[in-house]
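# Inside the fold
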Amino acid sequence: MAQSLEQQIKSKAIEIGFDACGITDSATFDKESLSLDNWIANNYHANMDFITRHRDKRKNPHLLHENTQSIIVVLLNYGNPTYFTHKKSDYSLVEYALGEDYHIVLKEKLRLLTDYLSKIFPESHHRCFVDSAPIFEKALAVKAGLGWIGKNTLLVTKKGSTFFIGEIFTDIPLKSDSPQKESHCGSCNKCIEACPTNALEKPYLLNANQCLSYHSIERKQVAWETDIKNYKSKYIYGCDLCQRACPYNEHRTPNTTPELKIKKEILNYSNSEWEMLSEKAFNRIFKNSAVKRIGYQNFKENIRMAKGD
Ligand code: B12
């Protein structure tokens, strides 16, 4: 039997290297917008001003890309489960940052998929996004049937949560997948218990002011805020504690994307090599990495904090 158009698109996405692909419509995000407004009103977003802007576009996908009929959502596995047992240093970077910048890696793959769409529908228009636009990316993935929102607020699948989310807004009308209706977290609260700063105030609610990932990646100034300084963590970039505690991540498979493999210095550097890291070495190691975005000074400060100086 011939494959449906939707099946062909999904097969192509897998052929390109994505791990999952689902399709959903472009309806407005009314419920999620309300949650976001409350979240911001409670100042849970800390200093992430970008999240307070373009809320109209976040709510209504049509304002982001005119005539959007369908949204193709993809997942890309970034898991590197052997990192912890193989690394030489006590310090850690989060798994998503061990290889090259995911924004670029995903966008290149998404472009291959839009080339394919344009071949079938030469008159069609598309836009690709990865973590850089006002979009409810996790909610979109749930709507496209790819997983559920876990108590750690991340998109979780039965194969774990170490997946990036990317999407294509297109004016091609496509049949939507059934949304994932239920959470499979059950009575498990391991992610909440694992957070050393109680950033997960309750299931599904993250207070960024308390989140070590926020502080180590998104803070504007070099110095850490005094009230968070007491929490010792060996992470020098981001934090994966709530993900590592998740039982669904126990059996996650290593990613198969060459660009997301662990850079050799990240694996082989000793404590003292990280502590003595020069700006030149920082720029070389993190040349094509998302880590470069935080800058040398903030990265050094993260190392100083992790060392406990
Ligand atoms: C801002 C942001 C952050 C902030 C805030 C995190 C957060 N939870 O919002 C900080 C800097 C802390 C952060 C950290 C991380 N991030 Co981030 N981040 C984002 C970003 C840009 C926006 C997220 C957002 O909209 N937050 C606003 C709040 C309101 O949203 P929310 O917490 O999801 O709230 C929703 C739910 O709580 C839900 N809700 C509320 N109540 C209830 C009740 C129930 C029962 C249910 C089911 C739902 C529910 O409604 C809310 C609105 O949708 C997205 C990209 C994007 N455009 O979506 C990436 C994104 C979420 N981040 C990502 C990653 C990888 C991370 C880190 C793992 C990185 C790291 N290792 O350090 C950590 C994880 C920390 C965590 N537990 O969330 C990935 C997650 C992929 C996945 N599998 O889910 C994303 C999707 C980027 C991408 N394209 O791949 N991030």
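Residues numbered from 1 in each chain as written. Predicted model: local features only at pLDDT ≥ 70, side-chain atom pairs only at ≥ 80, totals over all residues. Heavy atoms only, no water.

### Here's the deal with the site of the ligand
To be explicit about the condition: Throughout, near means a residue has at least one heavy atom within 4 Å of the molecule or strand. We define a polar contact as two N or O atoms separated by no more than 3.5 Å, with the added condition that, inside protein, one atom must be a possible hydrogen donor and the other a possible acceptor, whereas residues neighbouring each other in sequence contribute only through side-chain atom pairs. A run of DSSP states H or I qualifies as a helix once it reaches four residues; a run of E qualifies as a strand once it reaches two. Both are numbered from the N-terminal end.
Surrounding the ligand, one finds 35 residues, the nearest of these being Glu137, Lys138, Leu155, Ser213 and Asp240. Taking Ile135, its main chain carries an N or O atom lying 3.0 Å from a nitrogen atom of the ligand. Measuring from a nitrogen atom of the ligand, one finds a side-chain N or O atom of Glu137 at 2.7 Å. Of all the secondary structure elements, the ones that give two or more residues to the shell around the ligand are helix 2 (30–41), helix 7 (137–143), strand 7 (163–170), helix 9 (212–218) and helix 10 (241–244).

### What to know about empty space enclosed by the protein
Applied cut-off: A 1.4 Å probe that fits but cannot get out identifies a cavity on a 1 Å grid over protein atoms alone, an open set with protein on both sides within 12 Å along at least five of seven lines counts as a pocket, and a residue lines either if it has an atom within 4 Å of a point. Grid points are joined across faces, edges and corners, and a volume is the space filled by probe spheres set on the points. Polar here means any residue other than Ala, Val, Leu, Ile, Met, Phe, Trp, Tyr, Cys and Pro, which are nonpolar, and Asp, Glu, Lys and Arg, which are charged; Gly is therefore polar.
The final tally for this structure, using the stated rule, is three cavities of 30 Å³ or more. A volume near 90 Å³ is recorded for the largest cavity. Leu212, Ser216, Trp224, Tyr231, Lys232, Ser233, Tyr235, Gly238, Asn302, Met305 and Ala306 are the residues that line the largest cavity. Put simply, the parts of the chain that give the lining of the largest cavity at least two residues each are helix 9 and helix 14 (295–307). No other element matches helix 14, which puts three residues into the lining of the largest cavity. Space inside the second largest cavity adds up to approximately 40 Å³. In this structure, the second largest cavity is lined by Glu95, Thr162, Asp240, Gln243, Arg244, Asn249 and Arg252. The class makeup of the residues in the lining of the second largest cavity is no nonpolar, three polar and four charged.

### Details of the environment of His45
Defined as follows: Burial classification: accessible surface area is computed with a 1.4 Å probe over protein chains only, and a residue below 20% of its type maximum counts as buried, one above 50% as exposed, and the rest as partly exposed. Contact definition: two residues touch when any of their heavy atoms are within 4.5 Å.
Following the sequence through the fold, His45 ends up in the loop between helix 2 and helix 3 (55–59). A relative accessible area of 7% places His45 in the buried class. Sequence spacing of His45 and Ala208 is 163 residues, and the spatial spacing of their C-alpha atoms is 5.5 Å. Residues in contact with His45, not counting those within four places in the same chain, are Trp39, Ile40, Ile51, Thr52, Ala208 and Tyr214.

### Digging into the sheet that holds strand 7
The line we're drawing: When DSSP finds two or more bridges between two strands, those strands count as paired. Only C-alpha atoms enter the line fits that serve as axes; for helices the fit covers just the stretch in contact. Angles between N-to-C directions range over 0 to 180 degrees.
Strand order in the open sheet formed by four strands is 1-2-7-4, and the pairing between neighbours is antiparallel. The sheet is open, and its two edges are formed by strand 1 (20–25) and strand 4 (126–129), each paired on a single side. Strand after strand, the sheet turns through a mean of 20° between neighbouring axes, direction not considered. With six bridges connecting them, strand 1 and strand 2 (residues 70–77) associate as antiparallel partners.

### What to know about helix 2
The cut-off we apply is this: Here a helix's expected span is defined as the number of its residues, less one, multiplied by 1.5 Å. Think of the arc as the fan of directions from the helix axis to the C-beta atoms.
Here helix 2 contains 12 residues, and its C-alpha end-to-end distance of 17 Å stays within 8% of the 16 Å for a straight helix at 1.5 Å per residue. Among all positions of helix 2, only Ser33, Leu36, Trp39 and Ile40 are buried. The arc enclosing the buried residues of helix 2, seen along the axis, measures out at 120°, which places them on a common side. Along helix 2, the residues that are exposed and aim more than 90 degrees away from the buried face are Lys31, Leu34 and Ala41.

### Thoughts on the domain arrangement of the protein chain
Inclusion rule: Domain delimitation in this document rests on an assignment produced automatically or drawn from a domain database. Accessible area that two parts lose when put together, evaluated with a 1.4 Å probe and summed over both, is termed the buried area. Salt bridges are identified by distance alone: a Lys or Arg side-chain nitrogen within 4 Å of an Asp or Glu carboxyl oxygen.
Each assigned domain of the protein chain is listed here: domain 1 (5–170) and domain 2 (190–250 + 263–307). Taking only C-alpha atoms into account, the centre of domain 1 sits 22 Å from that of domain 2. Taken together, the contact between domain 1 and domain 2 spans 43 residues of the former and 47 residues of the latter. When the two sides are added together, the surface that domain 1 and domain 2 hide from each other amounts to roughly 3,800 Å², 59% of it contributed by carbon and sulfur. It is Tyr44, Tyr91 and Lys151 in domain 1 that bury the most area against domain 2; as a group they hold 20% of the surface buried on that side. Across the contact surface, domain 1 and domain 2 share one salt bridge. Across the salt bridge formed by Arg293 and Asp101, the nearest N and O atoms sit 3.1 Å from each other. The set of elements that each furnish at least two residues to the side of domain 1 that touches domain 2 consists of helix 5 (83–86), strand 3 (92–93), helix 6 (102–120) and strand 5 (148–149). Per-element accounting of the side of domain 1 that touches domain 2 gives the leading share, three residues, to helix 5. The residue inventory of the side of domain 1 that touches domain 2, partitioned by class, reads 19 nonpolar, 15 polar and nine charged.

### Concerning the pairing of strand 2
Of all eight residues in strand 2, eight are buried; the element is thus mostly enclosed. Neither face of strand 2 is exposed, since Ser70, Ile72, Val74 and Leu76 on one face and Ile71, Val73, Leu75 and Asn77 on the opposite face are all buried. Where strand 2 and strand 7 come together, eight bridges link them in antiparallel fashion. When the sheet's bridge partners are listed, Val73 is paired in strand 7 with Glu167.

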